Amino acid sequence: MAMQLSSDLMDGLVLALLSKEDLYGYSLTKQVQERFAVSESTMYPVLRRLKKRDWVTTYDEPFEGRNRRYYKISDLGYHEMERIQEEWRYFSSKVSEIMLVGDTDGK
């Protein structure tokens, strides 16, 4: 079963990755794809939305004759990431209360 990631969760995932380091779009996409089945066509609208909300900024760096666009989390982005993390803690604990009732071995 594959569960769908909401736009809030995608925002939170991207912001959390960017809180560790600035990343260019392809690298960011690959890091998310290591854990979840998302396409590049899913990631770029997320990045545009985060930029439009001023949660990330961008800058270009030359690489092999081209420019790579890097994404950097902003102060507003840090605040939003913290809000999403807090909501996730609450939500996941409530889901676990129901889904993992009686689950003592973690399976």
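A. Fine view of the sheet that holds strand S3 (residues 66-73). Pairing in this open sheet of three strands is antiparallel, and the strands run S1-S3-S2 from one edge to the other. Edge positions in the sheet fall to strand S1 (23-24) and strand S2 (56-63), since each has one partner strand and no second. In this sheet, S3 lies alongside S1 in antiparallel orientation, the contact comprising two bridges. Of the residues in S3, the one forming a bridge with tyrosine 24 is tyrosine 70.

B. Fine view of the side chain of aspartate 11. Note on placement: aspartate 11 falls in helix H1 (residues 7-20). At a separation of 2.6 Å, a polar atom in the side chain of aspartate 11 contacts the side chain of arginine 49.

C. Structural view of the packing of H1 against helix H4 (residues 75-99). H4 packs onto H1 with a crossing angle of 125° between their chain directions and a minimal axis gap of 9 Å. Classed by the angle they form, the pair H1 and H4 counts as oblique. The two elements H1 and H4 meet at a crossing, and its hand is left-handed. On the side of H1, the interface is formed by Asp8, Leu9, Asp11, Gly12, Leu15, Ala16 and Ser19, while H4 contributes Gly77, Tyr78, Glu80, Met81, Ile84 and Trp88. Residues that form the contact of H1 with H4 fall into these classes: seven nonpolar, three polar and three charged.

D. The arrangement of the environment of leucine 23 in detail. As for its placement among the helices and strands, leucine 23 is situated in strand S1. Sequence separation between leucine 23 and glutamate 80 is 57 residues, and the spatial gap between their C-alpha atoms is 18 Å. For leucine 23, the residues in contact, after removing those within four places along its chain, are Leu17, Leu18, Leu28, Gln31, Arg69, Tyr70 and Tyr71.

E. Structural detail: the packing of H1 against helix H3 (residues 40-52). Interaxial distance between H1 and H3 falls to 10 Å at its minimum, and their mutual angle equals 80°. One way to sum up the angle between H1 and H3 is to call them roughly perpendicular. In this structure, H1 uses Ser7, Met10, Asp11, Val14 and Leu15 to contact H3, whose residues at the interface are Thr42, Met43, Val46, Leu47, Arg49 and Leu50. Taken together, the residues that form the contact of H1 with H3 break down as seven nonpolar, two polar and two charged.

F. The arrangement of the environment of isoleucine 73 in detail. Relative to the assigned elements, isoleucine 73 resides in strand S3. Assessed through its relative accessible area of 7%, isoleucine 73 is described here as buried. Taking the C-alpha atoms as reference points, isoleucine 73 and glutamate 86, separated by 13 residues in sequence, lie 18 Å from one another. Excluding anything up to four places from it in sequence, isoleucine 73 contacts Leu15, Leu18, Ser19, Trp55, Val56 and Tyr78.

Rules behind the numbers
- Residues numbered from 1 in each chain as written.
- Predicted model: local features only at pLDDT ≥ 70, side-chain atom pairs only at ≥ 80, totals over all residues.
- Heavy atoms only, no water.
- Pairing = 2+ DSSP bridges.
- Helix = DSSP H or I, 4+ residues; strand = E, 2+ residues; numbered from the N terminus.
- Polar contact = N/O pair within 3.5 Å; in protein donor to acceptor, adjacent residues only side chain to side chain.
- Axes fitted to C-alpha atoms, helices over the stretch in contact; angles between N-to-C directions.
- Parallel < 35°, antiparallel > 145°, perpendicular 65-115°, else oblique.
- Left-handed = near helix turned anticlockwise from the far one by under 90°.
- Contact = heavy atoms within 4.5 Å.
- Nonpolar A, V, L, I, M, F, W, Y, C, P; charged D, E, K, R; others polar.
- Buried < 20%, exposed > 50% of the residue type's maximum accessible area, 1.4 Å probe, protein only.

What is shown is where atoms sit, not what they do.
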